[in-house]
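Structural description and commentary
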Amino acid sequence: MALEKPYQDIPGTIVFDADMSRKGYHLNQFFMSLMKAENRKRFLADEKAYVDEWPLTDLQKQGVLEKDYNLCIEQGGNIYFLAKLFYTHTQPFERAVSTMTGMTPEEYRAMMLSGGRPIEGNRSIKENQGDK
Amino acid sequence: MARISSAVFSSHIPAVGAAIDLGTTGNEYWSPVFKGFEYSKKWQADNTPDVIILVYNDHASAFDLRVVPTFGIGCSEEFESADEGWGPRPIPPVQGHPDLAWHIAQSVILDSFDMTICNDFKVDHGLTVPLSLMFGQPEAWPCRVIPFMVNVIQYPPPTGRRCFELGKALRKAVELFDEDLNVHIWGTGGMSHQLQYKRAGLINREWDLNFMNTLINDPEELTKITHPEYIRDAGSEGIELVMWLIARSALGSQVDEKHRFYHVPASNTALGHLILEKAGN
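Reading the values: rules and limits
Residues numbered from 1 in each chain as written. Chains lettered and ligands numbered in written order. Predicted model: local features only at pLDDT ≥ 70, side-chain atom pairs only at ≥ 80, totals over all residues. Heavy atoms only, no water. Helix = DSSP H or I, 4+ residues; strand = E, 2+ residues; numbered from the N terminus. Rg over C-alpha atoms; globule rule 2.2 N^0.38 Å. Buried < 20%, exposed > 50% of the residue type's maximum accessible area, 1.4 Å probe, protein only. Contact = heavy atoms within 4.5 Å. Areas by Shrake-Rupley, 256 points an atom, 1.4 Å probe, with all protein chains shown as cover. Lys, Arg positive; Asp, Glu negative; His and termini not counted. Charge placed at Lys NZ, Arg CZ, Asp CG, Glu CD. Buried area = accessible area lost by both parts, 1.4 Å probe. Salt bridge = Lys/Arg side-chain N within 4 Å of Asp/Glu carboxyl O. Polar contact = N/O pair within 3.5 Å; in protein donor to acceptor, adjacent residues only side chain to side chain. Nonpolar A, V, L, I, M, F, W, Y, C, P; charged D, E, K, R; others polar. pLDDT = per-residue confidence, 0-100. Pairing = 2+ DSSP bridges. Axes fitted to C-alpha atoms, helices over the stretch in contact; angles between N-to-C directions. Phe/Tyr/Trp six-rings, centres within 6.5 Å; stacked < 30°, edge-to-face > 60°. Lys NZ or Arg CZ within 6 Å of the ring centre and 35° of its normal.

**Comments concerning the overall build of chain B**
Helix and strand counts for chain B come out as nine helices and 10 strands. Taken over C-alpha atoms, the radius of gyration comes to 17 Å for chain B, in line with the 19 Å a tight globule of 281 residues would show. Structurally, chain B occupies a C-alpha span of about 50 × 45 × 40 Å along its principal axes. Buried positions account for 67% of the 281 residues belonging to chain B. For chain B, the proportion of contacts with a sequence separation of at least 24, taken over those separated by at least 6, is 82%. A total accessible area of about 10,000 Å² is found for chain B, and carbon and sulfur atoms account for 47% of it. Averaging the coordinates of the 22 positive side-chain charges in chain B and doing the same for the 35 negative ones gives two points 6 Å apart.

Below, the structure is given as structure tokens:
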């Protein structure tokens, strides 16, 4: 019997479990390659040519080239690997994270300064549906 | 005989390390964070141990998806600061304690905890930011450090129960070491935070404060928290808090609280910090 995934009920969250890790293996190893300065240089010089060297799916490539971080996460990317792409683009971590939330970086920062995203209304997809 | 006399708990946020390295700790955003560590630095200077066992996680710096050890222990003489993509932090190298590290590895493996022995790797912000918070910016770290890694990135991390039991085995291992060493154990990471996807920015203050209280007074109770509960209540990255259970149980049940601090936000994260001494120390 398959293992249950009770965490799939958590809103707005993708858990980096075995299935996601398998899906994102090459994507995450591609991100790791950006730890080396010479690879960062080559990537920035021609991003498409560089990603084409990796066995990535079209959606994974699209996520990288369009800096669509949610798409990267959906396609098996893990945040700590994805962070190498933020650093390659010299994008501050908090600002990069804000782009995943549908908020502007200013709105996101204001939310964090006022105590962060509240747990109320963000605990459970089922509970939220029950409220309607 | 060696003994574990104190435990320190702290978040290990990279932006906090950057604030120290760039000298921006006094600005409006960061000064409340560093005020919370003023007592800690004094306490640490008065209570410098011989060795710190520093429980942390690597963030795709030394380890990538090729090999994912659930528990790893650093057994070599020295560990340099990793280049995480913006150059290595300007800090001294960490001096290990191979005698004690190898002793612990053997002892806990024979106690049924299957550690991965790690000799050649660099340490990232997970280890170095707490060191900077407690010791400031010395030319050399004033004590030896054994890096103790836990996988909390690839789901599932080890359970809270497993971490708690490992802490006991660590305490036993340290007490079996012949040399008279004063050892501290640090648990790092947390507290509530989520760095990814649409729920990013989640903070759960009430849950965090309750976790700190229970960690001090009834830590075994925390072993009942399941992984989905950690992720739901403390965010996808808040699950790092299982690492605090290793350090807490390694200290033993009766403790004196020396310091407690909690602050939101530090970048995307709720910063939590505790100093506990073994009771009657």
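Moving on, there is more to tell.
**Thoughts on the interface of chain A and chain B**
If you look at the interface, chain A gives 46 residues, while chain B gives 39 residues. Carbon and sulfur atoms make up 59% of the surface buried where chain A meets chain B, a total of about 3,900 Å² over both sides. Remark: the boundary between chain A and chain B carries two salt bridges. Asp233 of chain B is the partner of Arg123 of chain A in a salt bridge, and the nearest nitrogen-oxygen pair spans 3.0 Å. In this structure, the connection of chain A to chain B is made through 27 residue pairs in polar contact (both at pLDDT 80 or more). For the side of chain A that touches chain B, the secondary-structure elements that each account for two or more residues are α1 (18-23), α2 (25-33), α6 (69-74), α7 (79-88), α8 (93-98) and α9 (105-113) of chain A. Split into classes, the residues belonging to the side of chain A that touches chain B amount to 25 nonpolar, 12 polar and nine charged.

**A look at the side chain of Thr223 of chain B**
Residue and element names in this part refer to chain B. Relative to the helices and strands, Thr223 resides in the loop between α7 (205-217) and α8 (227-234). Here Thr223 falls in the buried class, since its relative accessible area comes to 12%. Among the polar contacts listed, one links the side chain of Thr223 to the backbone oxygen of Glu220, at a separation of 2.5 Å. Sequence-distant contacts of Thr223, defined by excluding residues within four places in its chain, comprise Gly160, Arg161 and Phe164.

**Quick notes on the environment of Tyr39 of chain B**
Residue and element names in this part refer to chain B. In this structure, Tyr39 sits in helix α3 (residues 38-46). By relative accessible area, which is 33% here, Tyr39 ends up partly exposed. Tyr39 sits 220 residues away from His259 along the chain, and the two C-alpha atoms are 7.7 Å apart.

**Some thoughts on the pattern of salt bridges**
Per the stated rule, a full pass over the model turns up 19 salt bridges over all chains. A salt bridge links Asp17 of chain A to Lys5 of chain A; the shortest N-O distance between them is 3.1 Å. Of this pair, Asp17 of chain A sits in the segment before α1 while Lys5 of chain A sits in the segment before α1; the two residues are 12 residues apart in sequence, bridging distant segments of the chain. Its relative accessible area of 5% is what places Asp17 of chain A among the buried residues. As a salt-bridge pair, Lys48 of chain A and Asp52 of chain A come within 2.9 Å of each other at their nearest N and O atoms. Here Lys48 of chain A pairs with Asp52 of chain A, and both are found in helix α4 (residues 47-52), just four residues apart, close to one helical turn. Residue classification places Asp52 of chain A among the partly exposed residues on the basis of a relative accessible area of 37%. Through salt bridges that share partners, Arg161, Glu165, Lys168 and Glu220 of chain B make up one connected network.

**Describing the confidence of the model for chain B**
Here chain B averages 97 in pLDDT, and 100% of its residues register 70 or above. Across the interfaces of the predicted complex, the ipTM metric reaches 0.96, alongside a pTM of 0.97.

**Description of the sheet that holds strand β3 (residues 71-74) of chain B**
Residue and element names in this part refer to chain B. One open sheet holds the eight strands; their spatial order is β6-β3-β7-β2-β8-β1-β10-β9, and the pairing between them is mixed. Every interior strand has two partners, whereas the edge strands, β6 (116-118) and β9 (255-266), have only one. The sheet shows a mean angle of 20 degrees between the axes of neighbouring strands, taken without regard to direction. Sheet topology places β3 next to strand β7 (residues 144-150); three bridges connect them, and they run antiparallel. Bridge pairing in β7 places Gly72 opposite Met149.

**Re the pairing of β7 of chain B**
All names here are of chain B. Of all seven residues that make up β7, six are buried, and the element is covered over most of its length. Strand direction decides the pairing type here: strand β2 (residues 51-56) and β7, joined by six bridges, are parallel. Looking at the pairing, Leu54 lines up with Pro147 of β7.

**Examining the packing of aromatic side chains**
Applying the stated rule across the entire model yields 21 aromatic pairs over all chains. Seen in terms of ring centroids, Phe9 of chain B and Trp244 of chain B are 5.3 Å apart; in terms of plane orientation they differ by 40 degrees. Their pairing is tilted. Of this pair, Phe9 of chain B sits in strand β1 (residues 3-10) while Trp244 of chain B sits in helix α9 (residues 242-251), placing them 235 residues apart in sequence. As far as the burial class goes, Phe9 of chain B and Trp244 of chain B line up, both buried. Three or more aromatic residues joined by ring pairs make a cluster, and in this case those are Phe30, Phe31, Phe43, Tyr50 and Trp54 of chain A. Here the basic side chain of Arg109 of chain A rests over the ring of Tyr29 of chain B, its NZ or CZ set 4.8 Å away from the ring centre.

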